[in-house]
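# Residue-level structure breakdown
Here are the chains, one letter per residue:
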Amino acid sequence: MDLISDARALDAADALAERRARYLIPGGVIYLDGNSLGPASHAALAALDVAAREEWAEGLIRSWNAAGWFEMPMALGDRIGRLIGARAGSVACCDTISVNLYKVLHACLTLRPDRRVILAEATSFPTDLYIAEGVCAAAGARLVLAEGPVEAALSGEVAAMLVNQVDYRTGAVRDMSALSVLAQEAGALAVWDLSHSAGALEVALDRDGADFAVGCTYKYLNGGPGAPGFVYAAERHHGQIRQPVSGWWGHARPFAFDPGYAAAEGVKAFLAGTQPVLSMRTLSGALDDWDGVDMAGVRAKSRAMTDAFVRWVEALCPGLELGSPREAEARGSQVSFRHPNGYEIIQALIARGVIGDFRAPDVLRFGFAPLYLSFEEVARAVLALRDVLESGEWREPRFAERGAVT
Ligand SMILES: *Cc1c(COP(=O)(O)O)cnc(C)c1O
């Protein structure tokens, strides 16, 4: 099997290949971790530079109006909305997933005052569960964790069903349309976490009937470390959103300085306080790179990349067990393999410039971001993985040392 020539043939037919020049990927690095932190782009860095040197240093406070800082949460929300199938005015860019989820779950309990259960998947990303726990403690509700299919645990007590559209560990994709309908038939609200789907899948929030959604912009959307998240509310809920972090940015008239709170109309009610302007402007540059990008093309390349990766790893690395769905349609833009020494193997790969990540207890996770990865890089990553396993170099003690962030 000649991986490299197979990969080059795939690259030659890749309509997205030219986009790579927009991104700064260090020499010698094959980056398979864009699902955790996307790379910098020239447009993102240029926007950050303008925001810092011109808008802040020169414009000072005038830039809130003159540079459009004030409107950014909704303006960026609309640009993100295009990528996730949400109509204009239904997405706000603000805060983090953790904070937005807190606000959304609280709003759900208020919309369903006779129901006191938040239902989530036991395998959910931990912060989602920690936040749900915190909301339940504050609002006198109960968190139910589904061990099996989340929809099987729906009941007349459930106010909100929280689902990760793509499972962070396995990459399994959940059916947004089918699960939203099931939640709503049971009288609950369907809340979606798009962490691993925004910028990777053809997300269609409006069409698929989601009630609320949260997501981040520093993964596949490449907004930069700590870039602000976003929150979606279906139009049918606009005007009814009540959330506990009732700050002035979500007030109907923030600069009237009224002593009492009055929620803004629409998704704007989820805003709380002043946005991180430099981060948001960096994100606005990063979103320029998505202008004109068709999500169907992104998804098609993502499926082809994950397919090739699975095929090549299974042929060359017999010690690894596939931890993701085998069917490309059923997985997001990541592939997980399992091995008891996954941590050490990932560290050894990183030392060779192939950056993936490890998720406890035994998951080697590789993300495939179609805007800047080539098939040849995917093939070279597989060859490196094979070498790490065959040589046993991952057994070196230095690869067992653990940093604070994995
Ligand atoms: C990355 C990720 C988060 C991160 O939450 P923050 O509040 O942005 O730190 C939350 N949930 C899921 C499913 C994630 O993958």
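The following refers to the structure shown. (Residues numbered from 1 in each chain as written. Predicted model: local features only at pLDDT ≥ 70, side-chain atom pairs only at ≥ 80, totals over all residues. Heavy atoms only, no water.)

Turning to helix 11 (residues 375-391), a few remarks are in order. The α-helix winds at 3.6 residues per turn, so residues separated by three or four positions along the chain end up facing the same way. Across its 17 residues, helix 11 extends 24 Å between first and last C-alpha, which sits within 8% of the 24 Å expected from 1.5 Å per residue. Looking at helix 11, one finds that the buried residues are F375, E376, E377, V378, A379, A381, V382, A384, L385, V388 and L389. Structurally, helix 11 contributes buried residues whose contacts are with helix 1 (3-12), strand 1 (30-31), helix 9 (295-316), helix 10 (342-351), strand 11 (354-355) and strand 13 (363-367). (Helix = DSSP H or I, 4+ residues; strand = E, 2+ residues; numbered from the N terminus. Expected span 1.5 Å × (residues − 1). Buried < 20%, exposed > 50% of the residue type's maximum accessible area, 1.4 Å probe, protein only. Contact = heavy atoms within 4.5 Å.)

Our focus in this paragraph is unusual backbone geometry. That bond from A360 to P361 is cis: its omega, 5°, falls within 30 degrees of zero. Take P361: it is sitting in the loop between strand 12 (357-359) and strand 13. Even without being glycine, L60 reaches a positive phi, approximately 50°. Relative to the helices and strands, L60 resides in the loop between helix 2 (42-56) and helix 3 (63-66).

A sheet is described by the order of its strands in space; here four strands give the open sequence 9-10-13-12, paired in antiparallel fashion. Of all the strands in the sheet, just strand 9 (321-322) and strand 12 have a single pairing partner and so form its edges. Bridge count between strand 9 and strand 10 (residues 334-338): two bridges; the pairing is antiparallel. Bridging from a neighbouring strand, L322 pairs with F337 of strand 10. The strands touched by helix 10 within the sheet are strand 12 and strand 13, with strand 13 carrying the most contacts at an inclination of about 40°. (Pairing = 2+ DSSP bridges. Axes fitted to C-alpha atoms, helices over the stretch in contact; angles between N-to-C directions.)

Before going further, it helps to examine the nonpolar core. With 92 residues, the main nonpolar core has I84, L194 and L205 as its most contacted residues. For I84, the contacting residues outside a window of four places in its chain are V91, L194, A198, V203, A204, L205 and F230. (Core = buried A, V, L, I, M, F, W, Y, C linked by side-chain atoms within 4.5 Å.)

Sheet topology places strand 3 (residues 117-121) next to strand 4 (residues 142-146); five bridges connect them, and they run parallel. Residue pairing in the sheet places E121 in a bridge with A146 of strand 4.

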